[in-house]
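# Understanding the architecture of this molecule
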Amino acid sequence: MKNVPRMCCAPVYVISSSEILGGKILHVTSVTLSNPAEKVAYLIIFHILFVLFVWTYWKSIFTLPVQPGKKYHMSYADKERYENEERPEVQRQILAEIARKLPVYTRTGSGGIRFCDRCQLIKPDRCHHCSVCAICVLKMDHHCPWVNNCIGFSNYKFFLLFLAYSLLYCLYIAATVFKYFIKYWTGELTNGRSKFHILFLLFLAVMFFVSLMFLFGYHCWLVSRNRSTLEAFSTPVFQNGPDKNGFNLGFVKNLQQVFGEEKKLWLLPIASSQGDGHFFPMRALCEAQNPLLSNEEQWEDDGIDEEPHDSGEAASLAIERET
């Protein structure tokens with residue numbers, strides 16, 4: 001992985017903005033609130049949200065993306081045989097032989113083995129090459145400039161919690177400041193310095209809240225369908241063809257795949273996602289074990305009648321090269 005500093009301009013900007021919001025909310029509560037018990041309650045809730053916000057943001061930044069294991073990398077002998085071979089059809093056969101030993105079920109758009117010529121490995125399902133980090137990332141969702149890190153299997157839960165607590169942080173600030181904004185508007189607030197802090201707090205909190213609301217809502221929809229951002233834009237291809245719901249196991253199981261089975265850990269930035277990022281249960285395999293699941297899919301709002309393909313028909317193998 002490239003030696004990119006984790007704390008770049010975007011993370012510093014986010015942390016600085018949160019510190020500014022925190023400083024101003026402390027000033028507003030100290031000036032406008034006269035009841036000590038109310039001050040304590042406001043500040044306790046504020047600091048709980050602030051700690052969770054910083055904790056999840058820290059985990060999103062400093063949790064390194066996970067790369068495929070050694071068994072997905074070409075051995076020295078296979079690499080030498082592959083590179084010395086000039087005939088494309090023989091190269092495809094070499095990749096096919098290696099892929100038969102691995103639990104890979106997704107294919108390229110042309111139906112071939114997903115191979116990264118930069119990392120020299122067979123890509124596990126849902127794995128993609130990040131051109132910024134210069135590595136293949138397990139279950140890559142996207143490269144996020146706001147955390148200067150790849151969002152994937154290792155930190156997707158932390159990223160979702162970061163969005164959720166950022167949303168609550170901004171909502172809490174806007175809600176607590178709004179009544180003082182009304183007082184300012186009606187002329188009941190006389191402190192000149194407090195007026196500026198209240199206007200600034202409300203504007204900044206509402207601005208961030210609106211932008212985060214759409215982003216968090218989109219990722220909640222992705223989790224409910226068990227898709228990544230990349231899979232939402234480019235439908236994954238399986239041995240039987242493209243299937244946008246290929247990894248959709250149902251709402252509850254989709255949640256458990258990201259947050260784990262222990263519900264007490266769901267709201268904490270502690271690693272609890274299922275699996276190791278190399279293999280993911282697929283709808284087709286679940287339907288083969290339980291035929292009733294295939295009937296349930298027909299009742300979903302976005303169900304699509306798909307022609308069953310003969311699993312015995314081997315798709316032509318091709319090499320996927322990253323640009």
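Calculation criteria
Residues numbered from 1 in each chain as written. Predicted model: local features only at pLDDT ≥ 70, side-chain atom pairs only at ≥ 80, totals over all residues. Heavy atoms only, no water. Helix = DSSP H or I, 4+ residues; strand = E, 2+ residues; numbered from the N terminus. Expected span 1.5 Å × (residues − 1). Buried < 20%, exposed > 50% of the residue type's maximum accessible area, 1.4 Å probe, protein only. Contact = heavy atoms within 4.5 Å. Pairing = 2+ DSSP bridges.

### As for helix 2 (residues 36-62)
- Here helix 2 spans 38 Å end to end across 27 residues, near enough to the 39 Å set by a 1.5 Å rise per residue.
- The complete set of buried residues in helix 2 reads Tyr-42, Phe-46, Leu-49, Leu-52, Phe-53, Thr-56, Tyr-57, Ser-60 and Ile-61.

### Some details on helix 4 (residues 88-99)
- Its 12 residues place the ends of helix 4 16 Å apart at the C-alpha level, agreeing with the 16 Å of an ideal helix rising 1.5 Å per residue.
- All of the buried residues in helix 4 are Val-90, Gln-91, Ile-94, Leu-95, Ala-96, Ile-98 and Ala-99.
- Its buried side turned inward, helix 4 meets helix 3 (76-84), strand 2 (115-116) and strand 3 (121-122).

### Thoughts on the sheet that holds strand 8 (residues 237-238)
- A sheet is described by the order of its strands in space; here three strands give the open sequence 1-8-9, paired in antiparallel fashion. Two strands lie at the open edges of the sheet, namely strand 1 (106-107) and strand 9 (241-242), each paired on one side alone.
- Both strand 8 and strand 9 contribute to a ladder of two bridges, which runs antiparallel. Within strand 9, the residue paired with Phe-238 across the bridge is Gly-241.

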